[in-house]
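Residue strings, one per chain:
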Amino acid sequence: VGWIVVDNWMAYQETTFVTPTFPGFASGHGTFSRAAAEVLAYTTGSVYFPGGLGTYKAPNLKFEKNFTESFEFQWATYFDASDQSGISRLYGGIHASYDDLPARKMGSTIGKQAGKKADEIFKK
């Protein structure tokens, strides 16, 4: 981690990747993952993953030529995983924070409404 002169900055993508791929729009990753986190928390009655920890083994990316370390993502809550999903688009140079944060707020509203609507439909 350190400072990078803007002329030397590259998105965390292959060098042939054109970034950003589109103008500023709400991040789909931010919106859908936050909505899913809200639905899971609402449905299960807990913000925590079953067993207290959610994990995902990171795949080897094809443009990671010299990276041989394997690692596993870990999250305590559905919201931690959701945040990671939205933030990943910033790391990739696909979105900026002004695309991600409002998308998470929107996803939160949608997810809460979806949980309540599911109760109306399935608890009749």
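Right above here is the structure, for reference.
Residues numbered from 1 in each chain as written. Predicted model: local features only at pLDDT ≥ 70, side-chain atom pairs only at ≥ 80, totals over all residues. Heavy atoms only, no water.

Examining the pattern of salt bridges
Summed over the entire model, instances satisfying the criterion amount to five salt bridges. One salt bridge in this structure joins R104 and D100, with 2.5 Å as the shortest N-O distance. Taken together, the residues span about one helical turn, with R104 and D100 both in helix α3 (residues 97–122) at a distance of four residues. Per residue, the accessibility class of R104 equals that of D100, and both read buried. For K117, the salt bridge goes to E120, with nearest N and O atoms at 3.4 Å. Residue K117 and its partner E120 are both found in helix α3; the two are separated by three residues, about one turn of the helix. Assessed through its relative accessible area of 43%, E120 is described here as partly exposed. Linked through salt bridges whose partners overlap, the residues forming this network are R34, D83, D100 and R104. (Salt bridge = Lys/Arg side-chain N within 4 Å of Asp/Glu carboxyl O. Helix = DSSP H or I, 4+ residues; strand = E, 2+ residues; numbered from the N terminus. Buried < 20%, exposed > 50% of the residue type's maximum accessible area, 1.4 Å probe, protein only.)

What to know about the nonpolar core
Formed by A37, A41, F49, W75, Y78, F79 and A81, the largest nonpolar core amounts to seven residues. For this core, the secondary structure elements donating two or more residues are α1 (28–44) and α2 (78–91). In terms of residue count, α2 provides more of this core than any other element does, three residues in total. Aside from chain neighbours lying at most four places away, what touches F79 is R34, A37, E38, A41 and V47. (Core = buried A, V, L, I, M, F, W, Y, C linked by side-chain atoms within 4.5 Å. Contact = heavy atoms within 4.5 Å.)

Points about the packing of α1 against α3
In the contact formed by α1 and α3, the axes pass within 7 Å of each other and the chain directions differ by 35°. Crossing angle aside, the handedness with which α1 passes α3 is right-handed. Each residue belonging to the contact of α1 with α3 can be placed in one class, and the counts come to seven nonpolar, six polar and seven charged. (Axes fitted to C-alpha atoms, helices over the stretch in contact; angles between N-to-C directions. Left-handed = near helix turned anticlockwise from the far one by under 90°. Nonpolar A, V, L, I, M, F, W, Y, C, P; charged D, E, K, R; others polar.)

Re the packing of aromatic side chains
A full pass over the atoms with the stated rule returns four aromatic pairs. Look at F49 and Y78: their rings are 4.9 Å apart centre to centre, the planes differ by 55°, and that puts the pair in the tilted class. Of this pair, F49 sits in the loop between α1 and β1 (54–57) while Y78 sits in helix α2, placing them 29 residues apart in sequence. Aromatic pair F71 and F73: ring centres 5.3 Å apart, planes at 75°, arrangement edge-to-face. Here F71 falls in the partly exposed class, since its relative accessible area comes to 37%. Pairwise contacts between aromatic rings join F49, F71, F73, W75 and Y78 into one cluster. (Phe/Tyr/Trp six-rings, centres within 6.5 Å; stacked < 30°, edge-to-face > 60°.)

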